[in-house]
Amino acid sequence: MYFGIGPSSGATPTANRNHSFVCFNILLGTIGDRILAEPPLDLYDTLDYGHGEFFDSILQIVVYPIPIILFIHFYRKWKPNKVVYILLYGFFLVGLEWISAEYFDVFQFKTWKTSYSYVFYCCVLTVNLIFAWQIKKYLSRGI
């Protein structure tokens, strides 16, 4: 058992996968915001400060993983073409980001461009599909 995730943890494989995706995307969101939104790059601010704060943690723990979990869920359910699905879902995430920035002031862009977000989201979605495949392979071994 590794951090309560794995076949011997007593949780179902589906619960293990969901916990893994949440933890993985919290890590990605936290590292991404620290690298991109704080000096030396300082490409954007989240919420109302140019540095990390408590509500940034809420974004990273609650808000960021949810669309990715839905992405994986619908991928498993519909089994669409990977490339097309990633490209379309990337547009969906950019739309959510635009709404967050425009109407809720979640992001204040300095030198960050929406096109950067699209490329970033497509990379994150690809990494998540690879991670999903690795988790499925790991859990199917029955270790």
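Preceding this section is the structure that the text describes.
Just so we're clear, the structure is a prediction, and the values are computed from it rather than from any experiment. (Residues numbered from 1 in each chain as written. Predicted model: local features only at pLDDT ≥ 70, side-chain atom pairs only at ≥ 80, totals over all residues. Heavy atoms only, no water.)

Caption draft 1: Spatial organisation of helix α4 (residues 82-104). With 23 residues, α4 should cover 33 Å at 1.5 Å per step; its first-to-last C-alpha distance of 31 Å lies within 8% of that length. For α4, the complete set of buried residues consists of Tyr 85, Ile 86, Tyr 89, Gly 90, Leu 93, Val 94, Glu 97 and Ala 101. Looking at the buried residues of α4, the elements they touch are α3 (65-78), β2 (107-109) and α5 (114-141). At the exit of α4 stands Asp 105, carrying a positive phi of roughly 50°. (Helix = DSSP H or I, 4+ residues; strand = E, 2+ residues; numbered from the N terminus. Expected span 1.5 Å × (residues − 1). Buried < 20%, exposed > 50% of the residue type's maximum accessible area, 1.4 Å probe, protein only. Contact = heavy atoms within 4.5 Å.)

Caption draft 2: Fine view of the layout of surface pockets. By volume, the largest pocket is sized at about 560 Å³. Lining the largest pocket we find 24 residues, and of these Tyr 64, Glu 97, Phe 107, Phe 120 and Tyr 121 sit closest to its centre. For the lining of the largest pocket, the secondary-structure elements that each account for two or more residues are α1 (13-37), α2 (54-63), α3, α4, β2 and α5. If one sorts the elements of the lining of the largest pocket by residue count, α1 sits on top with 6 residues. For the lining of the largest pocket, the class distribution of residues is 17 nonpolar, 5 polar and 2 charged. What the second largest pocket holds in volume is close to 340 Å³. Along its surface, the second largest pocket is lined by 13 residues, and Tyr 75, Lys 82, Leu 129, Ala 132 and Trp 133 are the ones closest to its centre. (1 Å grid on protein atoms, 1.4 Å probe; cavity = no way out; pocket = protein on both sides within 12 Å on 5 of 7 lines; lining within 4 Å. Points joined across faces, edges and corners; volume = space filled by probe spheres on them. Nonpolar A, V, L, I, M, F, W, Y, C, P; charged D, E, K, R; others polar.)

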